[in-house]
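# Breakdown of the fold
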Amino acid sequence: MNMENGRKNPMTESAQESLSIEEIESKLGIVFPASYKQMLQDLKNSNNGWLKEYRLKDFNGYTEWSIRFIQPNSSYMDSIESVNELVPEPYTIIPFAWSVSSGNWLVFDYRKANAEPPIMYIDHEIAVVKEDSEECAREVNKTAAEVLEENLTALCGSFEILCGALQLQED
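Here the residue numbering is sequential within each chain, running from 1 through the sequence in written order. With pLDDT at 70 or above as the cut-off, local features in this predicted model cover only qualifying residues; side-chain atom pairs require 80 or more to be listed or tallied, and sums for whole chains, interfaces and linings still use all residues. Side-chain figures throughout are based on the complete set of non-hydrogen atoms in the structure, without hydrogens or water.

For the chain, an unreviewed UniProt entry supplies the name Knr4/Smi1-like domain-containing protein and the organism Paenibacillus elgii.

Below is the structure:
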């Protein structure tokens, strides 16, 4: 069994090409918000659903163009592993969307809430990876965990609030 920071790594098995959202929840020991699961179902059932892009315009001080939701398959697992390199507690910060234009991540924060996790974002331009966090921490007189925590910026209290602000990009 693979362990990271004392937590079981649920991604040690090779990811299947297609996974259900329930399988992902089971692997991670979390429950996604019902509104998120409904959006995934809507995307799955629509034409070019996974290619649809959304934008946030000045939402709580944050603007993002070309947001795409991550399809629940092996790339979802790859996204989780990528985000784990940027956060203090692996498998508790779960990506669900990313910006095609900027490379930023939108993530659920499961560290304190399992039923309706708050939404955060990770700005890839300023994010420090775990590998560099110790050195960076020494330079700014902080711990590596504090440096990694600074990779996360609060966006809103729930996925439902976020959905109310998302605007579908028109072709």
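### A look at the layout of surface pockets
Heads up, the condition is: A pocket, in this scheme, is an open set of points on a 1 Å grid over the protein atoms alone with protein on both sides within 12 Å along at least 5 of 7 lines, while a cavity is a set where a 1.4 Å probe fits but cannot get out; residues line either one if an atom lies within 4 Å of a point. Grid points are joined across faces, edges and corners, and a volume is the space filled by probe spheres set on the points. Strands here are runs of E lasting at least two residues and helices are runs of H or I lasting at least four, both read from the DSSP assignment and numbered beginning at the N terminus. Each residue receives one of three labels: charged for Asp, Glu, Lys and Arg, nonpolar for Ala, Val, Leu, Ile, Met, Phe, Trp, Tyr, Cys and Pro, and polar for the others, Gly being one of them.
Estimates place the volume of the largest pocket at around 240 Å³. Forming the boundary of the largest pocket are S18, L19, S20, I21, E22, K37, L40, Q41, K44, W50, Q71 and P72. Sorting the residues of the lining of the largest pocket by element identifies α1 (21-28) and α2 (34-45) as the ones contributing at least two each. Residues that form the lining of the largest pocket fall into these classes: five nonpolar, four polar and three charged.

### Details of the sheet that holds strand β6 (residues 105-109)
Put simply, the rule is: A pair of strands is treated as paired once DSSP finds two or more bridges between them. The contact definition used throughout considers only heavy atoms, calling two residues in contact when any of these lie within 4.5 Å. Angular values range over 0 to 180 degrees, each being the angle between N-to-C directions of two axes fitted as lines to C-alpha atoms, with helices fitted over their stretch in contact.
Spatially, β8-β7-β6-β5-β4-β3-β9 is the arrangement adopted by the seven strands of the open sheet, whose pairing is antiparallel. Each of the sheet's edge strands pairs with one partner strand only, and the pair in question is β8 (152-156) and β9 (167-168). Packed onto the sheet, α2 meets β3 (54-59), β4 (62-69), β5 (93-99) and β6 and runs at close to 55 degrees relative to β4.

### Observations concerning helix α4 (residues 130-140)
Using the following cut-off: A simple rule labels every residue: compare its accessible area, found with a 1.4 Å probe on the protein chains alone, to the largest value its type can have, and call it buried under 20%, exposed over 50%, or partly exposed in between. As used here, the arc belongs to the directions running from the helix axis to the C-beta atoms.
When we look at burial in α4, the residues that qualify are K130, S133 and A137. Take α4 and look down its axis: the buried residues cluster within an arc of 30 degrees, on one side only. Exposed positions of α4 whose direction lies more than 90 degrees from the buried face are E131, R138 and E139. Directly beyond the C-terminal end of α4, a positive phi value near 55 degrees is found at N141.

### Observations concerning the side chain of E64
The criterion, for reference: The charge count treats Lys and Arg as positive and Asp and Glu as negative. His and the chain ends do not count. In the sections that follow, a salt bridge refers to a side-chain nitrogen of Lys or Arg positioned within 4 Å of a carboxyl oxygen of Asp or Glu. Distance and chemistry together define a polar contact, namely a pair of N or O atoms within 3.5 Å, with one atom able to donate a hydrogen and the other to accept it when in protein, and with adjacent residues in sequence counting only for side-chain atoms on both sides.
Its location among the elements puts E64 in strand β4. Despite being buried, E64 has no salt bridge partner; R55 is the closest side chain of opposite charge, sitting 11 Å away. At 2.4 Å, the side chain of E64 forms a polar contact with the side chain of Y62. Polar contacts involving the side chain of E64 include one to the side chain of S99, which spans 2.7 Å. Not counting chain neighbours up to four residues away, the residues in contact with E64 comprise Y54, R55, L56, S99, S101, S102 and N104.

### Here's the deal with the packing of aromatic side chains
What counts here: Within 6.5 Å between ring centres, the rings of Phe, Tyr and Trp (the latter by its six-membered ring) count as paired, and their orientation is classed by plane angle as stacked under 30 degrees, edge-to-face over 60, tilted in between.
Within the structure shown, the criterion is met by 15 aromatic pairs. An angle of 80 degrees between the planes, with centres 5.0 Å apart, marks the rings of Y36 and F108 as edge-to-face. Note that Y36 is positioned in helix α2 and F108 in strand β6, a separation of 72 residues in sequence. Grouping residues by exposure puts Y36 and F108 together as buried. Ring geometry for F69 versus F159: centroids 6.1 Å apart, planes at 75 degrees, classification edge-to-face. With F69 in strand β4 and F159 in helix α6 (residues 159-165), this pair connects stretches of sequence that are 90 residues apart. Accessibility classification places F69 together with F159 in one group, the buried group. The structure contains a cluster of three or more aromatic residues connected by ring pairs, namely F32, Y36, Y54, F69, Y76, F96, F108, Y110 and F159.

### Considering the pairing of β4
Where β3 and β4 come together, three bridges link them in antiparallel fashion. By the bridge assignment, L56 is partnered in β4 with E64. Between the antiparallel neighbours β3 and β4 lie two residues, among them N60 with a positive phi of about 50 degrees. For β4 and β5, the ladder comprises three bridges, and the chain directions are antiparallel. Residue pairing across strands places I67 opposite S99, the latter belonging to β5.

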